[in-house]
Amino acid sequence: MRGEKVFAIDLRAKNMKGWPDRQSYALTIHVPRADRIYEGLDLAALGPEFQPDVLIDAESIAADGVGMPEPSFYGDFFVKKGQVPPMLGHPVALAIWHDYEKFRVANQRLRFNDAIFRFGAAAQQPARAPYVAARFLRIQGQDAYGEDQVSPMKNTTVWPKVDEQGVHWPDASDPAFGELMAASARIQAEMKQPKEGVRTFARKYRSQSIDHVAMEMDNGLAWYDTATSTLHMVGATQAPYSTAEHVMHMVKASKLPLERLDYISAYTVGYGQKEHHPFPFYCALAALYAQGRPVRLALDRWKHFQFALKRHPFDVDTAISVDKDGKFQGLTCHMLGDGGGVMNFSPSVGTVAVTAAQSIYYFPQSDLSTQVNPSVGVTSGSMRGYGTVQSMAYTEMLVDEIAHELKLDAIELRQRNAMRSGMKNTQGASPAGAMRIGEILALAAKEPLWTERTKRKTDYEAAHPGMRYGVGFGAVQKDFGTGAEACIAQLEITPEGRIKMRHIATEIGTGSTTSQLIAVEPFLGRPADEVEFAINQWDTMPLETSDEPYTTPQHKEDELARNPHWVPRMVSPVSASNSAYYFRHATQQAAQLLLKLSMWPAAQSIWGGASGGGQLLPGTVSADQLEWRNRMLVAGEMEPLSLERLAARAHELGGVTGVCVHTFNRWAWAKADFTVDGTPLQAWIDALSVQYGQGASEAKKAAMTSGGYAFIPRDKVAYPPVQRNNAGTVYYAPCATMVELSVNGAGVVKILSHKTWLECGTQIVPELVSGQIQGGVAMGVGHALYEDLPTDASGPGNGQWGLSRYHVPRASEVAVWTAQGHVLPPLSGNDPPKGMAEVVMIPVVAACVNAVAHATGKRFYATPLTAEKIKEAR
């Protein structure tokens, strides 16, 4: 791509092949308050000349039977007249202009104009049930490695009843949760009255609401072709497949005809905000009512602040008990979150947040609970870190304070308590692979910035009168993946030897598309030549799914799995740092199968083609010896073969020349047996289709009925047990950050330098890893020191917030030129890459706060640490 438009926000109808050139322009109208009855709009401010050509509201779409898909998750499209708005910033209408100049003037007149809304009497919000409440109990058995007394993995998670009156926790007599609630009572009592020689440190923390500040605001382009009943869409989303599916259901459930949906997902910048967000459905809605014209809907920065998803604010009560040797004995954490006006991902953010509270440490017993309530604030949803910033960063602040109280080196205390390989997490699951946080702590402990911090503080403050100097540290390990990761990847070889890839991955700024095309190189000799990403229509993989991977009972899943076309989930969005590990797994499984089913038979044919067996004598080489050197396939002493030569022979033989795979991971990979052309094989996939070459037999050609591929029914499949949903997570990437800063008399913080240590397995593209570290640190600095949004009527839901009021860290505030990064080398040549895009933003939050504490001698319990807060504390 050399100068082409690839981001959705840059595209117009004239850029789209086959679309009409003339487009319309839409904007959503958002109500700025949620304390009075909404009675409608008064657009007199536009005058007769600038009135919209189309105005859509709750009543007009209701007449056509159009509704928001999954309204319990996304909310309703519009506030109905006569109702109190459920949240600040909720849309009440969507207006469309066919003329750009009229649209521009109208938009200018409507911006910040609250007089256009007609309100009735003051009204209270109706009582609503919490979005989620849950409790996770664990008490170890004989040791950290054996069977637990109780844990979510062994038992279950406590799910209390919730209603409009709140949360109703079961008691010890409850038949389902009684044993666990009795354990909770014991742990809580021990934390309040610890045994002799044990101290409990309990603190209350506050993590704020912030905006993602993606440089690309929510936007979309759509055209409803009334002649063919086809809806064409270009969107900015991290979840193209589910978005397209929801749009289909939305329209098909209405009175409007829809024969086909053509959904294109362009490049975007997400940070989680464009994952399962409602905005694409407004784009589809605009197209349905744009009178057959393409229409563009794009939020400006003010409306993006007003309506786009936010990070959940949490009040966090954390307590850690420690014995006289500095060994942690117990952890309790209760997190109370604000989910805003619509549920969205609040249930999973709340549970992921609190189960991550253990950070890098092992605790013999733990009692973790969460509750996320609705409010009138802007909806909270997915955001980089997915709740773990709000728990782990504050655990790290507490650990630092404990070290100070015990007069221990803060890194040494961490080393005494860090999880080791095979130890169990707070859900009772053993993390996969080696736990390498100990290596990071060992490196950090020897860092001159740390070992010399006392002298540096003295010297700096002597040289800079009135300034205070501090060094802080934070270390975390973040899970990657969701516990239900599914992917489809397709690879094929043309007769000329070109590698073509189709993949579900979409680019959101992490470089996932680059990493996927490179991931095939170890098995096919070079990166893919032609790629198509963000594919959401898979004729080559005819599958069906109930898409309930978390809730389907084991007996039901066993029954469904007997259908070779059934999978627990079709595909995953690009989120949860999933592309490097989960998507790459699918890509490389396809590449390995292509090597085995296509390249190896072609090589055998070439090497053994001459009379008397040619080069390939019996027992000379096997498929296990194949490797690529200088883009040539070699094995033993055989003649090196180019991909072009192998591809030509594979097509001539009519063997497999294309592979499409589906993969599924529930904290472990699904595995299945297949029979391809009479040969049995087993792979870490759960569905397979193949394409045969040009010389294929008529029977093989006849079998390719699925988008030019032949679906291969699996002989047997082994899915990870449903009980593994309770594992919480087993895949971790550890990271630590050290920050050096100064604080002046006015409380202003200046970061002088910082260093990050990361372990992410094998780096696919080191430059992308470096970029993620740099961006993550900047985002974490913003959370620690600058960014904050009120959740009441003075916050972004009133439509008055933009970058003029919201402080995003600047280059001068993140020590660009004194930043360092250290990535641990992989343990082996096949150490898999780990998802790391989220973890790199978390430890710097604690490091900044701990550094300010070192500088000022004061502890802080709420972020951001603004200059005003620091000055007041000093």
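Right, let's walk through the structure included here. (Residues numbered from 1 in each chain as written. Predicted model: local features only at pLDDT ≥ 70, side-chain atom pairs only at ≥ 80, totals over all residues. Heavy atoms only, no water.)

1. Here's the deal with the overall build of the protein chain
Spelled out, the test is: Only runs of H or I of at least four residues qualify as helices and only runs of E of at least two qualify as strands under DSSP, and these elements are numbered from the N terminus. Restricting the calculation to C-alpha atoms gives the radius of gyration, and the globule rule supplies 2.2 Å times the number of residues raised to the power 0.38. All accessible areas in this document rest on Shrake-Rupley with a 1.4 Å probe, and a residue is counted as covered only by the protein chains that are shown. Under this rule, positive means Lys or Arg and negative means Asp or Glu; His and the chain ends count for nothing. A charged residue contributes its charge at one atom only: NZ of Lys, CZ of Arg, CG of Asp or CD of Glu.
Assigned secondary structure in the protein chain consists of 22 helices and 32 strands. The globule rule puts the C-alpha radius of gyration for 874 residues at 29 Å, and the 29 Å found for the protein chain is close to it. Structurally, the protein chain occupies a C-alpha span of about 90 × 75 × 65 Å along its principal axes. Of the accessible surface of the protein chain, which amounts to about 33,200 Å², a share of 51% is contributed by carbon and sulfur atoms. Charge centroids of the protein chain, computed over 83 positive and 90 negative side chains, lie 4 Å from each other.

2. A word on the environment of Tyr241
In plain terms, the rule: By definition in these notes, contact holds between two residues if any of their heavy atoms fall within 4.5 Å.
Topologically, Tyr241 is positioned in helix α5 (residues 240–252). Separated by 296 residues in the primary sequence, Tyr241 and Gln537 place their C-alpha atoms 7.9 Å from one another. If we skip the residues at most four places from it in the chain, Tyr241 touches Asn536, Met570 and Val571.

3. Structural notes on the sheet that holds strand β14 (residues 314–323)
Put simply, the test is: Strand pairing is defined by DSSP finding a minimum of two bridges between the two strands. Note on definitions: angles span 0 to 180 degrees between N-to-C directions of axes, and those axes are lines fitted to C-alpha atoms, for helices only across the stretch in contact.
Spatial ordering of the open sheet is given by β6-β16-β15-β14-β9, a layout of five strands whose pairing is mixed. Both edges of this open sheet fall to β6 (132–139) and β9 (198–207), since each of them pairs with a single strand only. Averaged over all neighbouring strand pairs, the angle between strand axes comes to 5°, with direction disregarded.

4. Points about the sheet that holds strand β27 (residues 687–692)
Spatially, six strands are ordered β20-β19-β18-β24-β27-β28 in an open sheet, and the strand pairing comes out mixed. Edge positions in the sheet fall to β20 (530–532) and β28 (710–712), since each has one partner strand and no second. For this sheet, the mean angle separating the axes of adjacent strands, direction not counted, is 15°. Set on the sheet, helix α17 (residues 579–607) makes contact with β18 (485–493), β19 (499–503), β24 (656–665) and β27; between it and β18 the angle comes to about 35°. Relative to β18, helix α18 (residues 643–653) is tilted by about 90°, and along the sheet it contacts β18, β19 and β24.

5. What about the packing of α5 against helix α6 (residues 279–288)?
Going by this rule: Note on angle classes: values under 35 degrees are labelled roughly parallel, values over 145 roughly antiparallel, values of 65 to 115 roughly perpendicular, and the remainder oblique. The crossing is said to be left-handed when, going from far helix to near helix, the turn is anticlockwise and less than a right angle, and right-handed when the turn is clockwise. Polarity classes work like this: nonpolar for Ala, Val, Leu, Ile, Met, Phe, Trp, Tyr, Cys and Pro, charged for Asp, Glu, Lys and Arg, and polar for all others, with Gly in that last group.
Running from N to C, α5 and α6 point in directions that differ by 40°, and their axes come no closer than 10 Å. Classified by the angle their axes make, α5 and α6 are oblique. The element α5 and its partner α6 pack so that their crossing is right-handed. Between α5 and α6, the residues in contact are Thr243, His246, Val247, Met250 and Val251 and Pro280, Phe281, Ala284, Leu285 and Leu288, respectively. In terms of residue class, the contact of α5 with α6 is built from eight nonpolar, two polar and no charged.

6. Examining the packing of aromatic side chains
Here is the rule: A pair of aromatic rings is counted whenever rings of Phe, Tyr or Trp (Trp by its six-membered ring) have centres within 6.5 Å, and the orientation is called stacked for planes under 30 degrees apart, edge-to-face for over 60 and tilted otherwise. Burial classes follow relative accessibility: with a 1.4 Å probe on protein chains only, a residue under 20% of its type's maximum area counts as buried, one over 50% as exposed, and anything between as partly exposed. In this scheme, Lys NZ or Arg CZ marks a charge over a ring once it lies within 6 Å of the ring centre and within 35 degrees of the ring normal.
Counted by the stated rule, this structure contains 35 aromatic pairs. Centre to centre, the rings of Trp19 and Trp223 are 6.0 Å apart; their planes meet at 50°, and the pair counts as tilted. Taken as a pair, Trp19 in the segment before β1 (24–30) and Trp223 in strand β10 (residues 219–225) lie far apart in primary sequence, 204 residues in all. A relative accessible area of 9% places Trp19 in the buried class. Site record: aromatic cluster; members linked through ring pairs are Phe480, Tyr581, Tyr582, Trp667, Trp669 and Tyr731. Across from the ring centre of Trp450, 3.8 Å away, lies the NZ or CZ of Arg453, which sits over that ring.

7. Quick word on the pairing of strand β11 (residues 230–235)
Spelled out, the test is: Orient the strands so they point away from the viewer; a crossover is then right-handed if the path from the first strand over the helix to the second runs clockwise.
β11 sits mainly inside the fold: six of its six residues count as buried. Both faces of β11 are covered, namely the face carrying Thr230, His232 and Val234 and the face carrying Leu231, Met233 and Gly235. Both β10 and β11 contribute to a ladder of six bridges, which runs antiparallel. Residue pairing in the sheet places Trp223 in a bridge with His232 of β11. Pairing of β11 with strand β12 (residues 260–265) involves six bridges; the strand directions are parallel. When the bridges of β12 are listed, Thr230 appears paired with Arg260. With α5 bridging β11 and the parallel β12, this β-α-β connection has right-handed handedness.

8. Things to note about the nonpolar core
Basically, it comes down to this: Grouping buried Ala, Val, Leu, Ile, Met, Phe, Trp, Tyr and Cys residues that are joined through side-chain atoms within 4.5 Å yields what is termed a nonpolar core.
Formed by 220 residues in total, the largest nonpolar core has its most connected members in Phe77, Leu231, Phe473, Trp607 and Leu688. Once you skip the residues sitting within four places of it in the chain, Leu231 turns out to touch Trp223, Tyr224, Val247, Val251, Leu258, Arg260, Leu261, Asp262, Ala284 and Ala287. Among the nonpolar cores identified, the runner-up in size contains 20 residues, and Leu27, Phe50, Phe103 and Leu110 belong to it.

9. Observations regarding the pattern of salt bridges
Convention followed: When a carboxyl oxygen of Asp or Glu lies within 4 Å of a side-chain nitrogen of Lys or Arg, that pair is called a salt bridge.
Throughout the structure, instances matching the rule amount to 39 salt bridges. A salt bridge links Asp35 to Arg33, with the nearest nitrogen and oxygen atoms 2.8 Å apart. Looking at Asp35, the relative accessible area reads 36%, which means it is partly exposed. For Arg33, a relative accessible area of 32% puts it in the partly exposed group. With its nearest N and O atoms 3.0 Å apart, the salt bridge here joins Arg111 to Asp300. Of this pair, Arg111 sits in the loop between α3 (100–110) and β5 (117–122) while Asp300 is found in the loop between β13 (295–298) and α7 (301–307), placing the two residues 189 residues apart along the sequence.

10. What about the side chain of Ser598?
For clarity, the threshold we go by: In the analysis that follows, any N or O atom pair within 3.5 Å is treated as a polar contact, provided that within protein one partner can donate a hydrogen and the other can accept it, and provided that, for residues neighboring in sequence, both atoms belong to side chains.
Mapped onto the elements, Ser598 comes out in helix α17. The class for Ser598 is buried, based on a relative accessible area of 2%. Here the side chain of Ser598 touches Val656 through a polar contact of 2.7 Å, landing on its backbone oxygen.

11. A closer look at helix α10 (residues 410–417)
To keep things clear, this is the line we draw: The directions from the helix axis to the C-beta atoms are what the arc is built from.
Inspection of α10 places Ala410, Ile411, Leu413, Arg414 and Asn417 among the buried residues, and these make up the whole buried set. Angularly, the buried residues of α10 cover 155° about the axis, an arc narrow enough to put them on a single face. If you check the start of α10, you find a side-chain oxygen 2.9 Å away from the backbone N of Ile411, and it comes from Asp409.

12. As for helix α4 (residues 178–192)
Note the cut-off: One less than the residue count of a helix, multiplied by 1.5 Å, gives the span that helix is expected to have.
With 15 residues, α4 ought to run about 21 Å at 1.5 Å a step, and its terminal C-alpha atoms sit 21 Å apart, in line with that. If you check which residues of α4 are buried, you get Gly178, Leu180, Met181, Ala183, Ser184, Ile187 and Met191. Elements in contact with the buried residues of α4: β6, β9, β14, β15 (328–338) and β16 (365–373).

13. Notes on the side chain of Thr268
Checked against the element boundaries, Thr268 lands in the loop between β12 and α6. Here Thr268 falls in the buried class, since its relative accessible area comes to 0%. Looking at Thr268, its side chain comes within polar contact range of the side chain of Glu216, at 2.4 Å. Residues in contact with Thr268, not counting those within four places in the same chain, are Phe7, Glu216, Ala236, Thr237, Lys274, Glu507, Ile508 and Gly509.

14. Thoughts on unusual backbone geometry
That bond from Thr863 to Pro864 is cis: its omega, 5°, falls within 30 degrees of zero. Inspection of the secondary structure puts Pro864 in the loop between α21 (843–856) and α22 (867–873). Residues other than glycine seldom take positive phi values, yet Glu70 does so here, at roughly 45°. Overall, the relative accessible area of 42% leaves Glu70 in the partly exposed class. The backbone of Phe112 shows a phi angle near 60°, a positive value even though the residue is not glycine. Looking at the secondary structure, you find Phe112 in the loop between α3 and β5.

15. A word on the packing of helix α9 (residues 389–406) against α10
Where α9 meets α10, the axes come as close as 8 Å, and the angle between the chain directions of the two elements is 110°. Here α10 runs roughly perpendicular to α9, going by the angle between their axes. Where α9 crosses over α10, the two elements pack in a sense that is right-handed. Note on element contacts: α10 touches α9 through Ala410, Leu413 and Arg414, opposite Glu396, Val399, Asp400, Ile402 and Ala403. Looking at the contact of α9 with α10 residue by residue, the classes come out as five nonpolar, no polar and three charged.

16. Description of the pairing of β27
Across a regular strand the side chains alternate sides, sitting on one face of the sheet and then on the other. β27 sits mainly inside the fold: six of its six residues count as buried. What you see with β27 is no split at all: Ala687, Ser689 and Gln691 on one side and Leu688, Val690 and Tyr692 on the other are buried throughout. For β24 and β27, the ladder comprises six bridges, and the chain directions are antiparallel. Residue pairing in the sheet places His662 in a bridge with Ala687 of β27.

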